[in-house]
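Notes for the structure review
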Amino acid sequence: MVLVSKYLIPKGFRGLTIFPFVFLLDKKDKLNSFILNHERIHIRQQIELLIIPFFLCYGIEFLVRWIQYKNRREAYYNISFEREAYENEKDLDYLKKRPFWNFLKY
């Protein structure tokens, strides 16, 4: 389910996924197939890790990357879940061929 909410999206971002919802900053982003594909990749990752463990892993990896890079934005872009989503967001068939737990590759 795709919803628009400018209050839930962190500054500098356009979308946020919390299974089963995708929150977008702007209603015109509902028409952006790349943003939606990026968020669908996160939905798949969350399902594979049974939702709560996904957020625990995401948070822990963010903290590790923040310590590693000493920069929040760089830490975010180097989280394995984000690397998979950004690298494959333009491949609209990615989820059809994506192997199970493919984020481990990143």
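Everything discussed here concerns the structure shown above.
So, here is what we can say about the structure in this document. Not measured: the values here are computed from a predicted model. (Residues numbered from 1 in each chain as written. Predicted model: local features only at pLDDT ≥ 70, side-chain atom pairs only at ≥ 80, totals over all residues. Heavy atoms only, no water.)

Looking at the sheet that holds strand S1 (residues 2–4)
With mixed pairing, the 3 strands of this open sheet are ordered in space as S1-S3-S2. Of all strands in the sheet, those with a lone pairing partner are S1 and strand S2 (15–18), marking the two edges. Averaged over all pairs of adjacent strands, the angle between their axes in this sheet comes to 25 degrees, without regard to strand direction. With 3 bridges connecting them, S1 and strand S3 (residues 21–24) associate as parallel partners. By the bridge assignment, valine 2 is partnered in S3 with valine 22. Packed onto the sheet, helix H1 (residues 33–48) meets S1, S2 and S3 and runs at close to 25 degrees relative to S2. (Pairing = 2+ DSSP bridges. Helix = DSSP H or I, 4+ residues; strand = E, 2+ residues; numbered from the N terminus. Axes fitted to C-alpha atoms, helices over the stretch in contact; angles between N-to-C directions. Contact = heavy atoms within 4.5 Å.)

Considering the packing of H1 against helix H4 (residues 80–88)
In contact at an axis separation of 9 Å, H1 and H4 are set at 140 degrees when each is read in the N-to-C sense. Classified by the angle between their axes, H1 and H4 sit oblique to one another. The chirality of how H1 crosses H4 is right-handed. In this structure, H1 uses Asn37, His38, Ile41, His42 and Gln45 to contact H4, whose residues at the interface are Phe81, Glu82, Glu84, Ala85, Tyr86 and Asn88. Residue composition of the contact of H1 with H4, by class: 4 nonpolar, 5 polar and 2 charged. (Parallel < 35°, antiparallel > 145°, perpendicular 65-115°, else oblique. Left-handed = near helix turned anticlockwise from the far one by under 90°. Nonpolar A, V, L, I, M, F, W, Y, C, P; charged D, E, K, R; others polar.)

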